[in-house]
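# A structural walkthrough
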Amino acid sequence: MVKGKKWILEKHFQGMPKRSDMKIVEFDLPTVPDGSFLVEAIYLSVDPYMRPYSARLPEGITMIGTQVAKVIETKNADFPVGTLVVCQGGWTTHSLCDKTNSGKIPPYPEGVPLSLALGTLGMPGMTAYYGLLEICAPKPGEVVVVSGAAGAVGSVVGQIAKIKGCKVIGFAGSDEKVAWLKELGFDEAFNYKTIKNLDATLKSVAPDGINCYFDNVGGEFACTVVANMAKHGRISCCGAISQYNDTAPPKLPSLFGTLVSNEIKMEGFIIFTHLQRWPEWTKQHIQWIKEGKLKYKEHVTEGFDNMFDAFVGLFSGANTGKAVVKV
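Residues numbered from 1 in each chain as written. Predicted model: local features only at pLDDT ≥ 70, side-chain atom pairs only at ≥ 80, totals over all residues. Heavy atoms only, no water.

As annotated in an unreviewed UniProt entry, the protein chain carries the name Prostaglandin reductase 1 and comes from Acanthaster planci. Comment text from UniProt for the protein chain, heading Subcellular location (unreviewed entry), reads "Cytoplasm". Reading the Subunit (unreviewed entry) entry of the UniProt record for the protein chain gives the comment "Monomer or homodimer." (UniProt positions renumbered as here; feature names shortened; annotations may be inferred.)

### Comments concerning the environment of Asp215
Locating Asp215 in the fold gives a position in strand S11 (residues 210-215). Measuring from C-alpha to C-alpha, the distance between Asp215 and Ala240 comes to 7.5 Å, with 25 residues separating the pair along the chain. Ignoring any residue separated from it by four or fewer positions in sequence, one finds Asp215 in contact with Ser147, Ala222, Ser236, Cys237, Cys238 and Gly239. A polar atom in the side chain of Asp215 sits 2.7 Å from the side chain of Tyr213. A polar side-chain atom of Asp215 sits 3.0 Å from the main-chain amide nitrogen of Val217. (Helix = DSSP H or I, 4+ residues; strand = E, 2+ residues; numbered from the N terminus. Contact = heavy atoms within 4.5 Å. Polar contact = N/O pair within 3.5 Å; in protein donor to acceptor, adjacent residues only side chain to side chain.)

### As for the side chain of Ser174
Examined against the element boundaries, Ser174 turns out to sit in the loop between strand S9 (167-172) and helix H4 (175-183). Reaching out from Ser174, the side chain makes a polar contact with the backbone nitrogen of Lys177 at a distance of 3.1 Å.

### Here we look at the pairing of strand S15 (residues 322-326)
With four of its five residues buried, S15 lies for the most part within the structure. Inspection of the sheet shows strand S14 (residues 298-302) paired to S15 by five bridges, in the parallel sense. Along S15, the bridge assignment pairs Val300 with Val324. Handedness of the crossover joining S14 and S15 through helix H9 (residues 307-313) is recorded here as right-handed. (Buried < 20%, exposed > 50% of the residue type's maximum accessible area, 1.4 Å probe, protein only. Pairing = 2+ DSSP bridges. Right-handed = clockwise from strand over helix to strand, strands pointing away.)

As structure tokens, then:
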């Protein structure tokens, strides 16, 4: 009899996640009730948000996450066997799904990998689209700064900003990532680990101030960028990966005086509250890929048993582009 495997969150993470915080268990495949379908994972996503989100959930759960999967048994006529879906199954080889937590994957252009449904054509890509265009609303000629710019979200943000006619400045964590950002068309790109003075660097490349900031990292880096915002600047707060594994409260300068004096808009968002617009955004991203305006890179880890290593690698900068696990 076929058995499934899943990763269980044994203990909430304290500081950097440890392998002992999780374990792999086997389980019997469930019976499929009417209206549902059983899927088998093909690709699984690892994302930074899993770190803070899991802290809000009870210990003992299957680790949360999205996957690309194939229907292998069904009692839902709209999802026949062989249908490819994106579903919220978590870190598991097999999931019982229905239409409330799954969506069919639309046809992709030739050569575009199916795993991109977890990246540029999935949650990270939609996060970039909404956070930049809906919150920051950049205008042609404006200056856009992106932190975590070589990641799954940041790399898409920068390219969309270029499509919209902006000057784009990206920050990443290695010289190799900086080189890739320049290949993508970023006007300026820097290794934040090696620049001597972030404030001086920002003033040199954006002397009139920053109009839009897409923040993926939070912390001291974000405070320095905010201090360099132009009048009526806009900030999209997507993540704070630099602080996810901190065990002590951060000691940061106050931003509020700058926000008031420069009349800056600062807004956080959670992309899962905007799922109704997913098809619209996917269609636009597919069009940009066809036109050669939107490029992508994936960091693929082979093997379900290696999911934890792929996850932890997010916090050391191991990935360029989207990190996925191929089952």
